[in-house]
Amino acid sequence: MTALDGTTLRRFVELFADRLRERREELTQLDSAIGDADHGINMDRGFTAARAKVAELAPNADLGTIAKAVGMTLISTVGGASGPLYGTFFLRLATAFGERAEVEPADVGAALRAGVEGLVQRGKAVLDDKTMVDAVTPAIDAFEAAAGEGLAAALGAAADAAASGRDRVTPLVARKGRASYLGERSANHQDPGATSATIMLEALRDAVAAA
Amino acid sequence: MKKLINAPDAVVDEALAGMTAAHGDLLKVIEPNVIVRADSPRSGKVGVISGGGSGHEPMHGGFVGMGMLDAACPGAVFTSPVPDQMLAATKAVDGGAGVLHIVKNYTGDVMNFELAAELAQTEGIEVSSVVIADDVAVQDSLYTAGRRGVGGTVLAEKIVGAAAEEGQDLAAVTALCQRVQDNVRSMGMALTSCTVPAAGKPTFEIGDDEMEVGVGIHGEPGRERRKLASADEITEALMTPILDDGGFSSGDRVLAFVNGMGGTPLLELYVVYNHVAAMCRDRGVAIERNLIGSYITSLEMAGCSITLLKLDDEMLRLWDAPVHTAALRWGV
């Protein structure tokens, strides 16, 4: 497939929600090691609500409407840091998509870039702080570099880069969020936010591949 | 998991219903899960609201009432509330004099309150915010999310609530809250872990002969795992960083707050207070007022925290002012 349409975007929301449910305990376990043991629970709650909200939309809803429904639902249901961060990401996607029914790979890249910038603004984290930024920043860089090869290839590169980013910062000491309170003890623990962000990009890749 | 619950997902809603049943004279619960003072809004009075994850009871809902908070926003257990709640709270308590948000310094709480304040301002309500960050266990705040908001929050809510009750304006109430924040220091420790109902198992593992020094109020591990020690040694491990960091010295007047984490009996808190008093005496620091009990808890965690607030005359007067809430009541 060459463009992202509403059916695929909805499939992505479903797939991400399914995988958050499947991996809820894993995310919570990662969070209990260096945070406050609620990441899997909160993300599952948020995307269960977001999936229900998207299902209520008109069948021909545009991309912006779908992404906005997800973002608003996350802000209203998740709480914690993940709610505003993931919520802002989807709201920025919504603004970038606008009322279009489908977008070309370059515009998917522009929307993802806008989402990542929103996330960085809201969370004030930079690379190597050991947060979801360490997964999404290399992912969008890889997407842009591979955008000429088509949407599926670019999203494949993005998902791989997110996973590498997640693993790259595992040895580091966290500098943002609750993990930062641990100081040196946060080193060598995989970051839960970078993990859920990687799951998100893998779900987007797989939703497009299945189209 | 052994808990007095019906279902993990229903804990917060059922507890709120219980609070309404018990304290209907003081508070009401409005959608979406906001505890509001029964007689809100009060015309011309600055509204004071706070919020945070559930699991810290009586904070914050137990502090809603005359002379303290106008509203509290409880999130899921250990999870910050969502902006919809703070926006609803802000609108419900706005009496035309503006609303102060008292925010504990956690990444999620700060972001969700920020979003709510932006939304309230677009609706024409004047909002100011003070972030409480009093936990000296977090050392190099330049490289972290900064110090956590812990016991100092309880004292700020009482003192600032009294100032709003006597009619001080938003700028004065905000400056006072900042002054409390600047003069308060806390540190906590845990003997046991706690279990988030939805997680079903303890947040962290800890041996029978171990303790976590510098623990937060979410069972998030502290700075250091140590061998269990005597109450006096533990008190010193908490008090020394507090006294040093806060620069408490001879001639200072303080409010000393010994707080239980949820699973520690009052008997033990008095053992801790006894040594807090002795250490203050040795330093020439005068304890003018005290508060001893479980007011900012971490579910069923055993352990305690100690908070010292350097008092001035106004803070002292406002601490003594009447308060009538579910958890604190005097002068009425």
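Criteria and thresholds
Residues numbered from 1 in each chain as written. Chains lettered and ligands numbered in written order. Predicted model: local features only at pLDDT ≥ 70, side-chain atom pairs only at ≥ 80, totals over all residues. Helix = DSSP H or I, 4+ residues; strand = E, 2+ residues; numbered from the N terminus. Buried ≥ 20, exposed ≤ 12 C-beta atoms within 10 Å, placed from the backbone. Contact = placed C-beta atoms within 7 Å. Nonpolar A, V, L, I, M, F, W, Y, C, P; charged D, E, K, R; others polar. Pairing = 2+ DSSP bridges. Axes fitted to C-alpha atoms, helices over the stretch in contact; angles between N-to-C directions. Domains from an automatic or database assignment. Core = buried A, V, L, I, M, F, W, Y, C linked by C-beta atoms within 7 Å.

## A few points about the overall build of chain B
- The secondary structure content of chain B amounts to 8 helices and 15 strands.
- Along the three orthogonal principal directions, the C-alpha set of chain B runs to about 55 × 50 × 40 Å.
- Here chain B holds 332 residues, and 59% of them are scored as buried.
- Counting only contacts in chain B whose residues sit at least 6 apart along the sequence, the fraction spanning at least 24 positions is 72%.

## A short note on the interface of chain A and chain B
- In this assembly, 26 residues from chain A lie in contact with 31 residues from chain B.
- Counting residues per element, the ones that place at least two in the side of chain A that touches chain B are α2 (24-34), α3 (39-56), α4 (63-77) and α5 (82-97) of chain A.
- Here the side of chain A that touches chain B gets 3 residues from one element, more than from any other, and that element is α4(A).
- Its residues assigned to classes, the side of chain A that touches chain B shows 7 nonpolar, 12 polar and 7 charged.

## Some points on the sheet that holds strand β5 (residues 71-77) of chain B
All names here are of chain B.
- A sheet is described by the order of its strands in space; here 6 strands give the open sequence β1-β2-β5-β3-β6-β7, paired in mixed fashion. The sheet is open, and its two edges are formed by β1 (27-30) and β7 (127-132), each paired on a single side. Strand after strand, the sheet turns through a mean of 25 degrees between neighbouring axes, direction not considered.
- Bridge count between strand β3 (residues 47-54) and strand β6 (residues 99-104): 4 bridges; the pairing is parallel. Within β6, the position partnered with G47 by the bridge is V99.

## Remarks on the sheet that holds strand β9 (residues 210-213) of chain B
All names here are of chain B.
- Reading across from one edge, β10-β9-β8-β13-β11-β12 is the order of the 6 strands in this open sheet, with mixed pairing throughout. In this open sheet, the two strands that pair with only one neighbour each are β10 (224-227) and β12 (286-293). Strand-to-strand twist across the sheet, computed as the mean angle between neighbouring axes with direction ignored, equals 20 degrees.
- In this structure, strand β11 (residues 253-260) lies alongside β12, joined through 7 bridges in parallel fashion. Each residue of the ladder has a partner; that of F257, found in β12, is L291.
- Of the strands in this sheet, β8 (184-190), β11 and β13 (303-310) are in contact with helix α4 (residues 152-165), which crosses β13 at around 45 degrees.

## So, the domain arrangement of chain B
Residues and elements named next belong to chain B.
- In terms of domains, chain B is made up of domain 1 (10-183 + 320-330) and domain 2 (184-311).
- Placing a centre on the C-alpha atoms of domain 1 and another on those of domain 2 gives a separation of 23 Å.
- In this complex, domain 1 contributes 23 residues to the contact, which on the side of domain 2 involves 29 residues.
- Looking at the side of domain 1 that touches domain 2, the elements with two or more residues in it are α4 and α5 (170-182).
- In terms of residue count, α4 provides more of the side of domain 1 that touches domain 2 than any other element does, 4 residues in total.

## Some details on unusual backbone geometry
- Across the junction of B:E31 and B:P32, the peptide omega takes the value -10 degrees, indicating a cis bond.
- Tracing the sequence through the fold places B:P32 in the loop between β1 and β2 (34-37).
- Along the chain, B:S40 connects to B:P41 via a cis peptide bond; the corresponding omega equals -10 degrees.
- When you line up the elements, B:P41 lands in the loop between β2 and β3.
- A positive phi angle, near 65 degrees, is found at A:N188, a position not held by glycine.
- Checked against the element boundaries, A:N188 lands in the loop between α8 (151-168) and α9 (192-209).

## Notes on the nonpolar core
- Counting 173 residues, the largest nonpolar core has A:F143, A:A158, B:A71 and B:V160 as its most contacted members.
- Apart from the residues within four sequence positions on either side, A:A158 is in contact with A:A139, A:I140, A:A142, A:F143 and A:L201.
- A:A37, B:A76, B:F78 and B:A199 belong to the second-largest nonpolar core, a separate cluster that totals 9 residues.

## Focus on the pairing of β2(B)
Residues and elements named next belong to chain B.
- The side-chain alternation of β2 yields two buried faces, one formed by V34 and V36 and the other by I35 and R37.
- Where β1 lies against β2, 4 bridges are found, and the strand directions are antiparallel. Looking across to β2, one finds that K28 is bridged to V36.
- The loop that links β1 with its antiparallel partner β2 comprises 3 residues; one of these, N33, has a positive phi angle of about 55 degrees.
- By the bridge criterion, 2 bridges tie β2 to β5 in an arrangement that is antiparallel.

## Regarding the environment of B:L170
All names here are of chain B.
- Positionally, L170 belongs in helix α5.
- Separated by 42 residues in sequence, L170 and S128 place their C-alpha atoms 7.7 Å apart.
- When residues no more than four places from it in sequence are discounted, the contact partners of L170 are V46, A97, G98, L100, E126 and S128.

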